[in-house]
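Secondary and tertiary structure notes
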Amino acid sequence: MLQRLLSEFLKVDGVVQAMMMDDRGALLSSVGMEGQTPPIQQTVNLTIAALDAVQHHDQGDLHELWIEGEQQMLIDIITPYRIMLLRGTKGNIARWRHSMDHFRPQLATTQEM
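Let me sum up the structure you'll find in this document. (Residues numbered from 1 in each chain as written. Predicted model: local features only at pLDDT ≥ 70, side-chain atom pairs only at ≥ 80, totals over all residues. Heavy atoms only, no water.)

1. Let's talk about the pairing of strand 2 (residues 27–32)
Bridge count between strand 1 (residues 15–22) and strand 2: five bridges; the pairing is antiparallel. Residue pairing for strand 2: methionine 20 is matched across the bridge by serine 29. With antiparallel pairing between neighbouring strands as the criterion, strand 1 and strand 2 make up a hairpin whose turn holds four residues, including glycine 25 at a positive phi of roughly 85 degrees. (Pairing = 2+ DSSP bridges. Helix = DSSP H or I, 4+ residues; strand = E, 2+ residues; numbered from the N terminus.)

What follows is the structure, given as structure tokens:
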């Protein structure tokens, strides 16, 4: 079911990979082009850096992280235990976020493996 749900993100313009991991950095599921490995360590490092920055400046909770450029990433903290990544090129990242909000209830209730 999680694979099917993540596959829905590939229908969004510009998204080439969707990945979900837990709060320990363990991959739960990933969909994308064949042979493309999910950027687990990069996602973990970016999330840790963003969390450190938010906490250091007492800015509240981190909910999402947008990285824009030739390569785009959207990292979304679905729940404290579920982290989603959308990665791609030349898409409208705001539409990516809208699709994330659309599937948030289903993503938040995935079972731990």
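Once you've had a look at it, read on.
2. Brief notes about the sheet that holds strand 3 (residues 64–67)
One open sheet holds the five strands; their spatial order is 2-1-5-4-3, and the pairing between them is antiparallel. Of all the strands in the sheet, the pair left with one neighbour each is strand 2 and strand 3. Between one strand and the next, the sheet's axes are offset by a mean angle of 10 degrees, whatever the strand orientation. Sheet topology note: the strand 4 (residues 72–79)/strand 5 (residues 82–88) ladder contains seven bridges and is antiparallel. If you follow aspartate 76 over to strand 5, its bridge partner there is methionine 84. Sitting on the sheet, helix 2 (residues 40–56) touches strand 1, strand 2, strand 3, strand 4 and strand 5, and the angle it makes with strand 4 is about 70 degrees. Docked against the sheet, helix 3 (residues 93–108) engages strand 1, strand 3, strand 4 and strand 5, running at close to 25 degrees with respect to strand 4. (Axes fitted to C-alpha atoms, helices over the stretch in contact; angles between N-to-C directions. Contact = heavy atoms within 4.5 Å.)

3. Some remarks on the environment of threonine 89
Tracing the backbone shows threonine 89 in the loop between strand 5 and helix 3. Through-space distance from the C-alpha of threonine 89 to that of threonine 109 is 28 Å; in sequence the pair is 20 residues apart. Apart from residues lying up to four places away in sequence, threonine 89 is in contact with Gly14, Glu70, Gln71, Gln72 and Trp96.

4. Considerations on the nonpolar core
Here is a general trend for soluble globular proteins: nonpolar side chains tend to be buried in one another's company. Leu6, Phe9, Met84, Leu86, Met100 and Leu107 are the most contacted members of the largest nonpolar core, which has 19 residues in total. Elements supplying a minimum of two residues to this core: helix 1 (2–9), strand 1, strand 2, strand 4, strand 5 and helix 3. Among the elements that make up this core, the one with the highest residue count is helix 3 (five residues). Leave out the neighbours within four places in its chain, and leucine 86 touches Phe9, Val15, Gln17, Ala18, Gln72, Met73, Leu74, Trp96, Ser99 and Met100. (Core = buried A, V, L, I, M, F, W, Y, C linked by side-chain atoms within 4.5 Å. Buried < 20%, exposed > 50% of the residue type's maximum accessible area, 1.4 Å probe, protein only.)

5. Here's the deal with the packing of helix 1 against helix 3
As a packed pair, helix 1 and helix 3 sit with axes 10 Å apart at the nearest point and diverge in direction by 175 degrees. With respect to their mutual orientation, helix 1 and helix 3 come out roughly antiparallel. For the pair helix 1 and helix 3, the contacting residues are Leu2, Leu5, Leu6, Glu8 and Phe9 in the first and Ser99, Met100, Phe103, Gln106 and Leu107 in the second. Within the contact of helix 1 with helix 3, the residues separate by chemical class into seven nonpolar, two polar and one charged. (Parallel < 35°, antiparallel > 145°, perpendicular 65-115°, else oblique. Nonpolar A, V, L, I, M, F, W, Y, C, P; charged D, E, K, R; others polar.)

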